[in-house]
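Below, each chain spelled out in residue letters.
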Amino acid sequence: MELTIIVPVYNVEDYLDECLESIYKVKDINYEVVLVNDGSKDNSLNILKKYKELYPTKTKIIDKENGGLSSARNAGIKEARGEYLAFIDSDDIIDSSGFENFFKEGQKLDLDVMVGNMRYFSDNKVGEPLFRSQEIKDFTVSKGTKFFLTLFQGTKCFREEVVDDIYKREFICENKLYFHDNLIHEDSYFTPMVYLKAKRVKYIDIAFYYYRQRTGSIMSIVNDRSVDSLEKICYMLLSEFSKTDEYGREALSKLLPSFYKVVLYRYINSGKDYKGKLKNYREIFKEVRGMRNKNIEEILIYFAPTVSNFLRKIVGKSIGNTQKIPKF
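Being a predicted model, the structure only gives us computed values, none of them experimental.

## Thoughts on the overall build of the protein
For the protein, the count of helices and strands is 13 helices and nine strands. Taken over the C-alpha trace, the protein has a radius of gyration of 20 Å; the compact-globule value for 328 residues is 20 Å, and the two agree within 12%. With the C-alpha coordinates aligned to their principal axes, the bounding extent of the protein is approximately 60 × 40 × 35 Å. Within the protein, the proportion of its 328 residues that are buried is 55%. Sequence separation of at least 24 residues holds for 79% of the intrachain contacts in the protein that already meet a minimum separation of 6. Summed over all atoms, the accessible surface of the protein reaches about 15300 Å², with 48% contributed by carbon and sulfur. The centroid of the 52 positive side-chain charges in the protein is displaced by 5 Å from the centroid of its 49 negative side-chain charges.

Here it is in C-alpha cells:
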C-alpha cells in the first residue's frame, strides 16, 4: 500500500460528497481512504457508508465519539497501512491529477515530507496558488531544519497547514509526531515539529489542494480557548529550542515572536490586562535572541506594544478577536 488518505469528518454533509468524489478520482496510486467520523450529528456518516459501498476495497470507516480534529487524525494514523500519509479536510477538495503528480514526484525522492501548495476557493471564486518564494522553489532535498529556516527568507512563506503535504508514515510514527489533543489550530505545532525532526524535505510546486473558505469553520473562530492554545504552542515549541540544531534555533527565533505577538495583540484589542502577556513576550524574545532578526515590528512590540498595535490599525492589519477570511 503506497498511501493512506485520512479524512476527519464532523457535520459536513453539505460538502462531503464533493470532497470524497475528488479523492476517489485518484487512479494511479495504490491507496486507501480512512474516513474518520468524529461523532457527526448530521447525515455525514450515511454519506461515508455510501462511499464504502462504492469503493469497498479502498475504504475504511472509523466511527468514534467526538474528540476533535487531532483525535480524528490520530485515529486515522493508527489504522493506516500506507507507506505515506495524507490528510484532507472534509470540506475541501483536491485536483486528483495534480495530487497524483505531486505524490509520484515526492515518492521518487524518498522524502520524509513532501511539501505542496494550495489555493483558496469559495462557492464562486478560485484563487491563485499561494505564494512560495523562489528560495523555496529552488530548495533541493535537505534536512527539515534547513528547509524550516529557508521558509523565513521570503515574505509570508511559512504555512502550517498539513493538508497540502504528504508524510512518510514510518517517519511520523518513529518520531511520535501525532496531533496534540486539546489544541486548536494544532497544525501550528505539528508542522514546526515535523520540520525539526525530518531528514529529507522538499517543496514540490504543484497546487493540488483547494482550501474552502467559509464562515463557521474551525479556522474562522477566534475565542479565549484559541488564544490560550496558541500561547501553549509557543511554550511547547520553545522547549525544543535548545534541542535542535542551529538552523532549527534560527527558525524558531523567527517563528515564536511572530506567534506570541498575536496573543499579545489580541489581549490588547480585547481590552484585557496585557501586562503579563507582554512580560511573557519579552522573555521569549530574549530567550530566542529575537533582537538578531532586526524585525522592526517585533522590536517595537518589545518596548511599546500599544504603539505597534496602533500602527497596525492605521495600515488596516489589526489583529483582533475576529478571524479574517483571506482576500483572493
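## Comments concerning empty space enclosed by the protein
This structure, assessed with the given rule, holds one cavity of 30 Å³ or more. In this structure, the largest cavity spans a volume of roughly 30 Å³. Taken together, Asp224, Val227, Arg266, Tyr267, Ser270, Lys272 and Asn321 form the lining of the largest cavity. Counting only elements with at least two residues in the lining of the largest cavity, the list comes to α9 (224-238) and α10 (246-269). Among the residues forming the lining of the largest cavity, the class breakdown is two nonpolar, two polar and three charged.

## Some remarks on helix α13 (residues 305-314)
Of all the residues in α13, the buried ones are Pro305, Ser308, Asn309 and Arg312. Mapping the buried residues of α13 onto a view down its axis gives an arc of 100 degrees, with all of them on the same face. As for α13, its buried residues are in contact with α10, α11 (275-287) and α12 (296-303). Remark: Gly316 follows α13 within two positions and exhibits a positive phi of approximately 75 degrees.

## Some details on the packing of aromatic side chains
Counting across every chain of the model gives 24 aromatic pairs. Their ring planes at 85 degrees and their centres at 5.1 Å tell us that Phe87 and Phe179 sit as a pair that is edge-to-face. Of this pair, Phe87 sits in strand β4 (residues 84-87) while Phe179 sits in the loop between α7 (169-174) and α8 (187-197), placing them 92 residues apart in sequence. Ring plane angle 50 degrees and centroid distance 5.8 Å describe the contact between Phe148 and Phe152, whose orientation is recorded as tilted. Residue Phe148 is classed as buried on the basis of its relative accessible area, which comes to 0%. A relative accessible area of 22% places Phe152 in the partly exposed class. By the ring-pair criterion, three or more aromatic residues cluster together here, those being Phe139, Phe147, Phe148, Phe152, Phe158, Tyr195 and Phe259. Sitting above the plane of the Tyr31 ring, Lys58 keeps its charged end 4.0 Å from the centroid. It is Arg73 that lies over the ring of Phe179; its NZ or CZ is 4.8 Å from the centre.

## A few points about the side chain of Thr145
Here Thr145 lies in helix α6 (residues 144-150). Discounting chain neighbours no more than four positions away, the residues touching Thr145 are Tyr195, Leu196, Thr244, Asp245, Tyr247 and Gly248.

## Observations concerning the nonpolar core
In terms of nonpolar packing, the biggest core is built from 102 residues, with Leu3 and Phe99 touching the most fellow members. In terms of residue count, the dominant contributor to this core is α10 (12 residues). Other than its neighbours up to four places away in sequence, Phe99 contacts Leu3, Ile5, Val26, Ile29, Ala86, Ile94, Ile166 and Phe208.

## Brief notes about a nonpolar patch on the surface
A contiguous nonpolar patch, built from Val307, Phe310, Leu311, Ile314 and Val315 and spanning about 480 Å² of accessible area, is present on the exposed surface. For Phe310, the location among the structural elements is in helix α13.

Procedures and definitions
- Residues numbered from 1 in each chain as written.
- Predicted model: local features only at pLDDT ≥ 70, side-chain atom pairs only at ≥ 80, totals over all residues.
- Heavy atoms only, no water.
- Helix = DSSP H or I, 4+ residues; strand = E, 2+ residues; numbered from the N terminus.
- Rg over C-alpha atoms; globule rule 2.2 N^0.38 Å.
- Buried < 20%, exposed > 50% of the residue type's maximum accessible area, 1.4 Å probe, protein only.
- Contact = heavy atoms within 4.5 Å.
- Areas by Shrake-Rupley, 256 points an atom, 1.4 Å probe, with all protein chains shown as cover.
- Lys, Arg positive; Asp, Glu negative; His and termini not counted.
- Charge placed at Lys NZ, Arg CZ, Asp CG, Glu CD.
- 1 Å grid on protein atoms, 1.4 Å probe; cavity = no way out; pocket = protein on both sides within 12 Å on 5 of 7 lines; lining within 4 Å.
- Points joined across faces, edges and corners; volume = space filled by probe spheres on them.
- Nonpolar A, V, L, I, M, F, W, Y, C, P; charged D, E, K, R; others polar.
- Arc of directions from axis to C-beta.
- Phe/Tyr/Trp six-rings, centres within 6.5 Å; stacked < 30°, edge-to-face > 60°.
- Lys NZ or Arg CZ within 6 Å of the ring centre and 35° of its normal.
- Core = buried A, V, L, I, M, F, W, Y, C linked by side-chain atoms within 4.5 Å.
- Patch = residues over 30% accessible without salt bridge, like charges linked within 9 Å, V, L, I, M, F, W, Y side chains within 5 Å.
- Salt bridge = Lys/Arg side-chain N within 4 Å of Asp/Glu carboxyl O.

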